[in-house]
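Structural description and commentary
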Amino acid sequence: VQLQASGGGLVQAGGSLRLSCAASGLTFSSYVMGWFRQAPGKEREFVAHISQSGGSTYYADSVKGRFTISRDNGKNTVYLQMNSLKPEDTAVYYCAADQMPRMQAVGYRYWGQGTQVTVSS
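This write-up is about the structure you can find in this document. Here the structure is a predicted model, which means the values were calculated and not measured.

With that out of the way, let us pick up the sheet that holds strand β7 (residues 67–72). The four strands are arranged β1-β3-β8-β7 in an open sheet whose pairing can be described as antiparallel. Single-partner strands in this sheet number two, and they are β1 (2–6) and β7. Mean inter-strand twist for the sheet, computed between neighbouring axes without regard to direction, equals 15°.

Written out as structure tokens, the structure is:
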């Protein structure tokens, strides 16, 4: 199984980025997909997850209203659209897959390698 995250970069506060995570080696439509992030010196924290069909989503309070998670099961890809970015959003962002919706990182079976997002003030 491989999860390949991409789309990170450097952006000014208030800007937008769209992260992608391409999955292979698993039946993508059978997995809940999640995004997590980890800032230097901090624990990995939940950002959002989306159900297998895409019909249900859940967000951390810190990103609600600014970030949108979506998926394309035909392309085996999950996305994270990030708008109104803030310096505190700076972190390495990871995608993850599991068959149950979870907010705890420990429960996710598969992980991508991470993509760096840096928001300058």
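Right, let's get into the pairing of strand β5 (residues 45–50). Of all the six residues making up β5, five are buried; the element is thus mostly covered by neighbouring parts of the structure. The pairing of strand β4 (residues 32–38) with β5 spans five bridges and is classified as antiparallel. Bridge pairing links G34 to H49 in β5. As consecutive antiparallel partners, β4 and β5 are separated by six residues, and within that stretch G41 has a phi angle of approximately 80°, a positive value. From the end of β5 to the start of strand β6 (residues 57–59), which pair antiparallel, there are six residues, and G54 there has a positive phi angle of about 90°.

Before going further, it helps to spend a moment on the nonpolar core. Counting residues in hydrophobic clusters, the biggest one holds 37 residues, and the most contacted among them are M33, W35, L80, M82 and Y93. Of all the elements in the fold, those that place two or more residues in this core are β1, β3 (17–24), β4, β5, β7, β8 (77–82), β9 (91–98) and β11 (115–120). Ranked by the residues each element gives to this core, the list is headed by β9, at five residues.

All right, on to the pattern of salt bridges then. Within the structure shown, the criterion is met by five salt bridges. Put simply, E45 and R37 hold a salt bridge, and the shortest N to O gap is 2.6 Å. For R37, a relative accessible area of 5% translates into the label buried. Because the salt bridges share partners, they merge into one network encompassing R37, E45, R66 and D89.

Defined simply, a disulfide is a covalent bond joining two cysteines at their sulfur atoms. Overall, the coordinates contain one disulfide when judged by the stated rule. Between C21 and C95 runs a disulfide, and the two sulfur atoms are separated by 2.1 Å. Across the disulfide from C21 to C95, rotation about the S-S bond amounts to roughly 60°, and the bridge is consequently right-handed. Here C95 lies in strand β9 and C21 lies in strand β3, a separation of 74 residues in the sequence. Of the two residues, C21 and C95, neither departs from the other in class, the shared state being buried.

Attention now goes to the environment of A23. Here A23 shows up in strand β3. For A23, a relative accessible area of 8% gives the class buried. Counting along the chain gives 50 residues from A23 to N73, while the straight-line C-alpha distance between them is 9.9 Å. Setting aside residues no more than four positions away along its own chain, A23 makes contact with Q2, L3, F28 and N76.

On to the packing of aromatic side chains. Taken as a whole and judged by the stated rule, the model has seven aromatic pairs. Considering the side-chain rings of F46 and Y58, the 6.1 Å spacing of their centres and the 35° angle between planes classify their relative orientation as tilted. Residue F46 is located in strand β5, and its partner Y58 is located in strand β6; the two are separated by 12 residues in the primary sequence. Judged by centre distance (6.1 Å) and plane angle (65°), the rings of Y108 and W111 are edge-to-face. We classify Y108 as buried; its relative accessible area is 5%. W111 sits in the partly exposed class, given a relative accessible area of 28%.

The rules we used
Residues numbered from 1 in each chain as written. Predicted model: local features only at pLDDT ≥ 70, side-chain atom pairs only at ≥ 80, totals over all residues. Heavy atoms only, no water. Pairing = 2+ DSSP bridges. Helix = DSSP H or I, 4+ residues; strand = E, 2+ residues; numbered from the N terminus. Axes fitted to C-alpha atoms, helices over the stretch in contact; angles between N-to-C directions. Buried < 20%, exposed > 50% of the residue type's maximum accessible area, 1.4 Å probe, protein only. Core = buried A, V, L, I, M, F, W, Y, C linked by side-chain atoms within 4.5 Å. Salt bridge = Lys/Arg side-chain N within 4 Å of Asp/Glu carboxyl O. Disulfide = S-S within 2.5 Å. Contact = heavy atoms within 4.5 Å. Phe/Tyr/Trp six-rings, centres within 6.5 Å; stacked < 30°, edge-to-face > 60°.

Purely spatial values, then, with no claim about function.
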